[in-house]
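# Descriptive structure summary
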Amino acid sequence: MKSIAPSNMCSHLKRKLFDTDGEYRDIREEIENDPELTAAVRSRQLHIYRNGKKILILAGKTAPKIIKEDRLTEELTRTT
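Residues numbered from 1 in each chain as written. Predicted model: local features only at pLDDT ≥ 70, side-chain atom pairs only at ≥ 80, totals over all residues. Heavy atoms only, no water.

### Topic: unusual backbone geometry
Leaving glycine out, the prevailing phi sign among residues is negative, and the prevailing peptide bond configuration is trans. Located in the positive-phi region is asparagine 8, a residue other than glycine, with phi close to 65 degrees. Secondary-structure assignment places asparagine 8 in the segment before α1 (11–18). For asparagine 8, a relative accessible area of 63% puts it in the exposed group. Of note in this structure, asparagine 51 is not a glycine but carries a positive phi near 50 degrees. As for its placement among the helices and strands, asparagine 51 is situated in the loop between β2 (45–50) and β3 (53–58). Residue classification places asparagine 51 among the exposed residues on the basis of a relative accessible area of 56%. (Helix = DSSP H or I, 4+ residues; strand = E, 2+ residues; numbered from the N terminus. Buried < 20%, exposed > 50% of the residue type's maximum accessible area, 1.4 Å probe, protein only.)

### Quick look at the environment of isoleucine 48
Tracing the backbone through its elements, the reader meets isoleucine 48 in strand β2. Exposure remark for isoleucine 48: the relative accessible area of 0% places this residue in the buried category. Through-space distance from the C-alpha of isoleucine 48 to that of glutamate 75 is 14 Å; in sequence the pair is 27 residues apart. Aside from chain neighbours lying at most four places away, what touches isoleucine 48 is Ile27, Ile31, Leu37, Thr38, Ala39, Lys53, Lys54, Ile55, Leu56, Leu58 and Leu72. (Contact = heavy atoms within 4.5 Å.)

### Focus: the pairing of β2
For β2, the buried fraction is high: five of the six residues fall into the buried class. Both strand β1 (residues 37–42) and β2 contribute to a ladder of six bridges, which runs antiparallel. Directly across from alanine 40, in β2, lies its bridge partner histidine 47. Hairpin remark: β1 followed by β2, antiparallel, with two residues in the connecting loop; positive phi at serine 43, about 50 degrees. As judged from the five bridges shared by β2 and β3, these two strands associate in the antiparallel manner. (Pairing = 2+ DSSP bridges.)

Keep in mind these values describe shape, not function.
If you want it as structure tokens, here you go:
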């Protein structure tokens, strides 16, 4: 299990990821449990990769940016 470091992350995004009722909580749990997924904080946003290829960018106040269709992005569209 890997964890996402909240340092340098937008405070809105931190709340969405780490609060118990946050809208991105399920995505965070998926990232932590799926060995194919990695995440990096860049420019206060969370960039998510599957097998080294970027699939999604999560930001605090703006809508998620889907780079490539993936089962994780399908989960995101179902929850929002």
